[in-house]
Amino acid sequence: MVFKRRDRRPWWKIVYETVWPKGGWKRAFYYIKHRVRRLPDPPHRIARGIFAGIFVTFSPFFGMHFFAAAGLALIIRGNVIASLLSTFVGNPLTFVPIGAISFQTGNFLLGRTFDHETGAHRSLGGKFVDAWKDLKDNFFTLFGDGKADWHNLYVFYDEVFFPYMIGGIIPGLICGMIGYYVSLPVIQAYQKGRKGRIKDKLLALKEKASGKADAKQNQD
């Protein structure tokens, strides 16, 4: 296969590089920033794509951030590639604070107090475990005589997923707008400077070609 890796990585290395990419997160950040700046699209469209990618990272739709970011970018007429690259704002180093902010904001907006109401009978981690157990057990009931029970999954939706989804809207909008207004002048300046450098190179090549033509004419 053309795109198959020559060196097969063990599973532990795949997990490790997911948490800590090769070269570190600093290098990964500069790589993404370089790719975003060089996208062939007007600055405002790229900035809209950045907004879409950042906004989506505050949603609880893990595993679907790419699709959600691309869809939102298309709706607001932003750059899809920029939106996909910007979803890397949500990474193993930031998911915990992003999740905590979204979850607590959602409980506040819904008038809930997590410590006394939503967390009385089960911890947050326990609700994740219970939800996955319901999904697994109910899947196997399709091939047996067992009865499906969605209680724990409903508890997870009502006490975790729904507050997270509602609470992620406000911080997502704030961080997305910050990303938009910070990136827009940066991309404008970069593209303007790049056009100037390309223009200077073309002018230099033109002058060089003209000089060679004059020299050849003088020789003749």
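Preceding this section is the structure that the text describes.
Presented here is an overview of the structure given in this document. These figures come from a predicted structure and were not determined experimentally.

Here we come to the overall build of the chain. Of regular secondary structure, the chain possesses ten helices and zero strands. Beginning at the N terminus, the succession of helices and strands in the chain can be written as α-α-α-α-α-α-α-α-α-α. Taking all 220 residues of the chain together, 31% fall into the buried category. Excluding contacts between residues fewer than 6 apart, the proportion of contacts in the chain whose partners are at least 24 apart in sequence is 68%. For the chain, the accessible surface area stands at approximately 15,500 Å², while carbon and sulfur atoms represent 65% of it.

A few words on unusual backbone geometry. Residues other than glycine predominantly adopt negative phi, and peptide bonds predominantly adopt the trans conformation. Of note, the phi angle at arginine 77 is positive, near 60 degrees, even though the residue is not glycine. Looking at the element boundaries, arginine 77 is found in the loop between helix 4 (65-75) and helix 5 (80-86). By relative accessible area, arginine 77 is classed as exposed at 62%.

Let us now look at helix 6 (residues 95-109). An ideal rise of 1.5 Å per residue puts 21 Å on 15 residues; helix 6 measures up with 21 Å between its terminal C-alpha atoms. The set of residues buried in helix 6 consists of Ile98, Gly99, Ser102, Phe103, Gly106 and Asn107. When helix 6 is viewed along its axis, its buried side chains cluster within an angular range of 155 degrees and face the same direction. Looking one or two places after helix 6, you find glycine 111, whose phi comes out positive at around 70 degrees.

Glancing now at the nonpolar core. With nine residues, the main nonpolar core is built from Leu39, Ile46, Ile50, Ile54, Phe58, Ala82, Ile98, Tyr164 and Ile187. Among the elements that line this core, the one with the most residues is helix 3 (residues 43-56), at three residues. Apart from the residues within four sequence positions on either side, isoleucine 98 is in contact with Thr57, Phe58, Val89, Gly90 and Tyr164. Counting residues in hydrophobic clusters, the runner-up holds five residues, among them Phe103, Ala131, Val160 and Phe161.

Further remarks concern the pattern of salt bridges. Within the structure shown, the criterion is met by one salt bridge. In this structure, the salt-bridge partner of arginine 45 is aspartate 41, at a minimum N-O distance of 3.1 Å.

Next up on the list: the packing of helix 3 against helix 4. One way to put it is that helix 3 packs onto helix 4 with a least axis distance of 8 Å and a crossing angle of 140 degrees. On the basis of the axis angle, helix 3 is oblique to helix 4. The two elements helix 3 and helix 4 cross, and the hand of that crossing is right-handed. Listed contacts from helix 4 to Ala52, Gly53, Phe55 and Val56 of helix 3 are His65, Ala68, Ala69, Leu72 and Ala73. Looking at the contact of helix 3 with helix 4 residue by residue, the classes come out as seven nonpolar, two polar and no charged.

Reading guide: rules and limits
Counting starts from 1 at the beginning of each chain's written sequence and moves along it residue by residue. Where local features are concerned, this predicted model is filtered to residues with pLDDT of at least 70; where side-chain atom pairs are given and counted, the filter is 80 or more; whole-chain, interface and lining totals use all residues. Here the side-chain values reflect all heavy atoms present in the structure, with hydrogen atoms and water set aside. Secondary structure elements are defined from DSSP: runs of H or I of at least 4 residues count as helices, runs of E of at least 2 residues count as strands, and each element is numbered from the N terminus. Throughout this description, buried means an accessible area under 20% of the type-specific maximum (1.4 Å probe, protein chains only), exposed means over 50%, and partly exposed covers the range between. Between two residues, a contact is recorded if the distance between any of their heavy atoms is within 4.5 Å. Here, Shrake-Rupley sampling with a 1.4 Å probe gives the accessible areas, and only protein chains in the shown set may cover a residue. By this rule, a helix spans an expected 1.5 Å times one less than how many residues it contains. Directions are taken from the helix axis to each C-beta atom, and the arc is the one they span. Buried residues of nine kinds, namely Ala, Val, Leu, Ile, Met, Phe, Trp, Tyr and Cys, make up a nonpolar core once their side-chain atoms join them within 4.5 Å. Salt bridge, as used here, is a side-chain nitrogen of Lys or Arg placed within 4 Å of a carboxyl oxygen of Asp or Glu. Comment: axis = line fitted to C-alpha atoms, over the contacting stretch for helices; angle = value between 0 and 180 degrees taken between N-to-C directions. Each angle is binned into one of four classes, with values under 35 degrees roughly parallel, values over 145 roughly antiparallel, values of 65 to 115 roughly perpendicular, and all other values oblique. The handedness criterion is simple: a crossing whose near helix is rotated anticlockwise from the far helix by less than a right angle is left-handed, and one whose near helix is rotated clockwise is right-handed. Charged residues are taken to be Asp, Glu, Lys and Arg, nonpolar residues to be Ala, Val, Leu, Ile, Met, Phe, Trp, Tyr, Cys and Pro, and polar residues to be all remaining types, Gly included.

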